[in-house]
Amino acid sequence: MIWVEILSRHRDVVGRFRVDRAEITIGRGYDNDVIVDDPYVAAQHVRIVRDDAGRLVAEDLGSANGLYLEKSRSRCARVVLDGVQPIRIGQSLVRIRESGHAVEPERLAGSERRSLLVWAAVGLGLVLLGIDALLIWFGQTSEAHLSDYLLPSLTLVGTAAAWVGIWSLLSRLFAGRSMFLHHVLIAEAGMLAFWLYTAFAQFSSFALTLPGVFSYQYIASWLVLAAICFLHLREVGRTHLVAKGVVVGLLLGTAIAVQTLQRSEAFANSGRQTISHVLMPPSLRLVPLRDEGAFMGDIEQLKSKLDADRAEVRKTSPDR
Amino acid sequence: MELSIASVLRALRGWGAVAAVLCSITQAAAEAPSGAEGVYASAPPRLLQIRTLVADAGRQTSTGSGFLVSPDGLAITNYHVVSDVALEPKTYRLEYTAADGTHGDVSLLAVDLPNDLALIRVDKHDAPYFSFDKAALDGTLQKGERLYSLGNPLDLGFTIIEGTYNGLVEHSYNEHIHFTGALNPGMSGGPAVNAQGQVVGVNVATRRGGQLISFLVPARFAAALLERSRARNPAPADLRKDVTAQLAAWRAELYHAFAEQGFRAASLGTYQAPETRASWFECWSQTNASASPKPRASINSTTCTADASVFVASDLNTGAVQISNSYAKSTDLNEFQFATALSQLAQPRLTTGGSFRKWYTPQRCVEDFVGLAPSAATNDGSSANAGNDSKMLVAAKPSSAQLPLRVIWCAQGYREFEGLYDVVLVAVTQDHGDEALVSRLSLQAIAYDDAMRLGRSFLKGLQVVR
């Protein structure tokens, strides 16, 4: 017993035929065992037989457009079939499997796994809202209003819902399943990563006196965004992962390059770095106090930088 | 509340027509009646309208006034009336128009940037001219004396404005005469004379937001400039160098005077904050105690400002010095919230006196935690070897006795003026999570070494008193 499966471009089965014969013919004509409605397929296109070793082989019956293995560009007169790689006739993909073809073990009914995902998504969501509220609370120096907390939280929820909704829709369109929970988790993980980096940047700019970490925050945000986009794309369809990775990587590279350029031009225009000087509770300080002399030494070194800047701008501006 | 030399010029630009109105003045009164009529009768032939023209186009970009001070055509005006020509001699040139309608070229001989004066030569011989008032030169002029300020306001024609001499302006580094009278744009560079028609001062500025409050440059600076430079004949490019050199020298002198006066400790909450002893600062206090809704941290600030800025170019006014100390104490903010409030207070904010792209190099900052020697050990901040003292004391005392600070130092250089920088130093005490002193010292147009010296003695003025 042999199963002939017509596949979509995304390798989904769109038609499946059971045939109990030693030789099977496939074509557009009605005298075939399996009919493929594809104008590029010949009336009698291909036949499936067993060779001497008992393997299934496909043989071209003299069609004009020929027989190919899946994506291969070289036309074959005869192909040995393995039940995994489909053959291509005309513009159609056809996969032939024997009844003994091994299938994946039974997947456990999702209840436990699914509820775990639900709990993870809800839990992570609450953690994010909590962090959001905490940051607002820390930044609150005047009278507290309920709306100060509600509005950002709702904005956050709304944005996340819209983002996840779009990806779920794409999944539904291309993979047939919305994978809603997966998308929610991916988005939440991305947001958490971004916040962790921001917190780390603020902390290190104060407690470790490393303001540089702060100025690269935009790179971190783009990296996180690219990572979650890739993961979302992976949920939408697990095929072409390399191509998706390359596209996301290219977009990431472009975004970082453009923003770096924009920042350096903004700096050249305004003469100001866009970072602010963060203060935190004194007890968070991790580095030892420096003595005044050493700090004054730093200040003295700054002079040579300023003078180098002056020489630089003088070179570019016309002498009057 | 600031001296607005710039506002004078800004309004002055764009007033197009030439003051041919000057001709309508009667040439009577050789017998010189006293008071306004006398001045009005005798002054016009001695006055000039000075116009800056774009050399290629031959059209005026700004106008001001000037007055003859010698029979051979030397005249005094404001630096800010001729600054374009001093800085960009290839782009601009000067022309004068006299009361009788004659006009001709003006050559710029010398400038006095700190006092906003310039000496020019016009092509006039044996013309009547102004002499300086002896009492004004000696500084013995009586307050309340009638003065007459002359000029051509807003290009409307020759005008005389009567006012009162009110002595020198207090809390000012540069000497200015306080003249109660309505100076208007376009009168810059014109003379203010006594009833006998002798020059007491040169019109320079009005105060924005005041009524009839105007300022004159004392005549002795004009007389000195005349004496010093009457024989000069500089190449056009020399004047630009003069401007640069005068700016640097004047700033160095000002900051040395500032450093010599030193800082004294003023109590602010549980801290001692450095305040200047110099008399030319104006200090104001601010509190948020009466704010509504009730503030969650009380912030009391004292800000001392020296408006020692001068007009350098039509788009650069620089030289302000400011010291500000804010004591903040949390009433019901937690440590994180309080730190947020302090962050807002402590942003360095380098204020610039002109457009960045034209005048400044990019701003650079250094930021770190600094441990300061304990209060009992500090001596007078003005002492020259104070830096070494403090280092020894740091080594001698346990570090717990240090006053921990977060210090931010930001600076930017001037593109054109080698050796001059704008600097701001912000120090935030880090010994408590719920109270802090935020001290800020901003210094415009200062030599870097001077800034470091002042910064060091400023930091030394920070102490805890508990």
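The paragraphs below set out a description of the structure included in this document. The shown structure was predicted, so the numbers you read here are calculated from the model rather than taken from an experiment.

## With respect to the state of the cysteines
Residues and elements named next belong to chain B.
Here comes step 1: Tallied over the full model, the rule gives two disulfides over all chains.
Here comes step 2: Each sulfur in the disulfide pair C283 and C304 lies 2.0 Å from the other. As the torsion about the S-S bond is roughly 110°, the C283-C304 disulfide counts as right-handed. Separated by 21 residues along the polypeptide, C283 in strand 15 (residues 282-287) and C304 in strand 16 (residues 297-306) bring together distant segments of the chain.
Here comes step 3: Assessed through its relative accessible area of 42%, C283 is described here as partly exposed.
Here comes step 4: According to the relative accessible area criterion, C304 is buried, its value standing at 2%.
Here comes step 5: Across a sulfur-sulfur distance of 2.0 Å, C365 and C410 are joined as a disulfide pair.

## Comments concerning the packing of aromatic side chains
Here comes step 1: A full pass over the atoms with the stated rule returns 21 aromatic pairs over all chains.
Here comes step 2: Arranged with centres 5.1 Å apart and planes meeting at 85°, the rings of F206 of chain A and F369 of chain B form a pair that is edge-to-face. Here the residue F206 of chain A occupies a position in helix 3 (residues 180-207), and F369 of chain B occupies one in strand 20 (residues 364-372), the pair thus bridging two chains. Across the pair, exposure class does not vary: F206 of chain A and F369 of chain B are buried alike.
Here comes step 3: Three or more aromatic residues joined by ring pairs form one cluster here, namely Y173, W250, Y255, F258, F263, W280, F281 and F458 of chain B.
Here comes step 4: The side chain of R406 of chain B reaches across the aromatic face of F369 of chain B, ending 4.5 Å from its centre.

## A closer look at a positive patch on the surface
Residue and element names in this part refer to chain A.
Here comes step 1: A cluster of like positive charges, contributed by R107, R113, R114 and R177, occupies part of the molecular surface.
Here comes step 2: Its place among the elements puts R113 in helix 1 (residues 111-138).
Here comes step 3: On the accessibility criterion, R113 (56% relative accessible area) is exposed.

## Re the sheet that holds strand 1 (residues 2-7) of chain A
Residues and elements named next belong to chain A.
Here comes step 1: The strand order across the open sheet built from five strands is 2-1-10-9-7, with neighbouring strands paired in antiparallel fashion. Whereas interior strands pair on both sides, the edge strands pair on one side only; in this sheet they are strand 2 (13-19) and strand 7 (67-69). Neighbour-to-neighbour, the strand axes of this sheet turn through a mean angle of 30°, independent of strand direction.
Here comes step 2: As judged from the six bridges shared by strand 1 and strand 2, these two strands associate in the antiparallel manner. Note that in strand 2 the partner of W3 across the bridge is R18.

## Brief notes about the interface of chain B and chain A
Size of an interface, as often reported, equals the accessible area lost when the parts are brought together.
Here comes step 1: Every contact between the two is made by 66 residues of chain B and, on the other side, 48 residues of chain A.
Here comes step 2: Summing both sides of the interface, chain B and chain A together bury roughly 5,400 Å²; the carbon and sulfur share of this comes to 59%.
Here comes step 3: Looking only at chain B, the three residues that lose the most surface to chain A are F336, R364 and F369 of chain B, adding up to 14% of its buried area.
Here comes step 4: For the interface between chain B and chain A, the tally reads four salt bridges.
Here comes step 5: We note a salt bridge from E418 of chain B to R314 of chain A, for which the minimum N-O separation is 3.1 Å.

The rules behind each value
- Residues numbered from 1 in each chain as written.
- Chains lettered and ligands numbered in written order.
- Predicted model: local features only at pLDDT ≥ 70, side-chain atom pairs only at ≥ 80, totals over all residues.
- Heavy atoms only, no water.
- Disulfide = S-S within 2.5 Å.
- Helix = DSSP H or I, 4+ residues; strand = E, 2+ residues; numbered from the N terminus.
- Buried < 20%, exposed > 50% of the residue type's maximum accessible area, 1.4 Å probe, protein only.
- Phe/Tyr/Trp six-rings, centres within 6.5 Å; stacked < 30°, edge-to-face > 60°.
- Lys NZ or Arg CZ within 6 Å of the ring centre and 35° of its normal.
- Patch = residues over 30% accessible without salt bridge, like charges linked within 9 Å, V, L, I, M, F, W, Y side chains within 5 Å.
- Areas by Shrake-Rupley, 256 points an atom, 1.4 Å probe, with all protein chains shown as cover.
- Salt bridge = Lys/Arg side-chain N within 4 Å of Asp/Glu carboxyl O.
- Lys, Arg positive; Asp, Glu negative; His and termini not counted.
- Charge placed at Lys NZ, Arg CZ, Asp CG, Glu CD.
- Pairing = 2+ DSSP bridges.
- Axes fitted to C-alpha atoms, helices over the stretch in contact; angles between N-to-C directions.
- Contact = heavy atoms within 4.5 Å.
- Buried area = accessible area lost by both parts, 1.4 Å probe.

These figures capture arrangement, not role.
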